[in-house]
Amino acid sequence: LAQVFRMRYPGLIHSLKLLGRMNETRISHAEYLSKRLGELEGIVPPNIKRGCKHVYQMYMPRVDETVDRDQLVLVLRGRGIDASVHFMPPVHLMPYYRARYGFDWGGLPRTERVSRTVFTLPMHPALTRVDLDGIILATEEAVRAARKG
């Protein structure tokens with residue numbers, strides 16, 4: 001069975017050997033982004049509980065009430081940063097769960113609040129410090145452009 005697996009997925013074994021290093025690189029990138037983005041008024045970096053480890057398959061900061069998240073994402077994309085929104089609507093409000101379990105808006109208020117504020121920034125081990133600084137600079141500019149009021 002192992003031989004068949006290697007034949008079907010020849011690069012997977014090599015990738016698995018690199019996984020620890022790739023995770024550590026993403027963690028380092030996330031720490032750098034969080035430190036710098038945490039200095040921006042309107043951006044809330046991910047909060048990882050003490051004693052927990054996050055490998056940042058996705059890097060997902062939030063905006064506070066002073067920033068229009070959707071406008072921020074549009075501005076970032078316009079500056080060449082592949083920002084996105086992954087969880088809108090939140091999972092419990094997707095058609096299957098609404099039909100199967102009867103969920104509606106207001107049923108999980110914290111989840112719904114997070115889904116309206118969270119966004120995703122690029123995160124992968126191949127990013128360089130120059131790339132990360134570009135993401136930070138573009139986010140600074142996007143926050144100014146997406147300020148409410």
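Caption draft 1: Quick look at the overall build of the chain. Check the secondary structure of the chain and you find six helices and two strands. Traced from its N-terminal end to its C-terminal end, the chain shows the element sequence α-α-β-β-α-α-α-α. When the backbone C-alpha atoms are referred to their principal axes, the chain occupies close to 60 × 45 × 35 Å. The long-range share in the chain, meaning contacts at least 24 apart out of those at least 6 apart in sequence, stands at 66%. Of the roughly 9,800 Å² of accessible surface on the chain, 55% is carried by carbon and sulfur atoms. The distance from the centre of the 23 positive side-chain charges to the centre of the 15 negative ones in the chain is 9 Å.

Caption draft 2: The arrangement of helix H3 (residues 69-78) in detail. Taken as a whole, H3 has its buried residues at Arg69, Leu72, Val73, Val75 and Leu76. Angularly, the buried residues of H3 cover 165° about the axis, an arc narrow enough to put them on a single face. Opposite its buried face, H3 presents the exposed residues Leu74 and Gly78, each directed more than 90 degrees away. Where the residues of H3 are buried, they touch strand E1 (43-44), strand E2 (62-63), helix H5 (109-117) and helix H6 (129-145).

How each quantity is defined
Residues numbered from 1 in each chain as written. Predicted model: local features only at pLDDT ≥ 70, side-chain atom pairs only at ≥ 80, totals over all residues. Heavy atoms only, no water. Helix = DSSP H or I, 4+ residues; strand = E, 2+ residues; numbered from the N terminus. Contact = heavy atoms within 4.5 Å. Areas by Shrake-Rupley, 256 points an atom, 1.4 Å probe, with all protein chains shown as cover. Lys, Arg positive; Asp, Glu negative; His and termini not counted. Charge placed at Lys NZ, Arg CZ, Asp CG, Glu CD. Buried < 20%, exposed > 50% of the residue type's maximum accessible area, 1.4 Å probe, protein only. Arc of directions from axis to C-beta.

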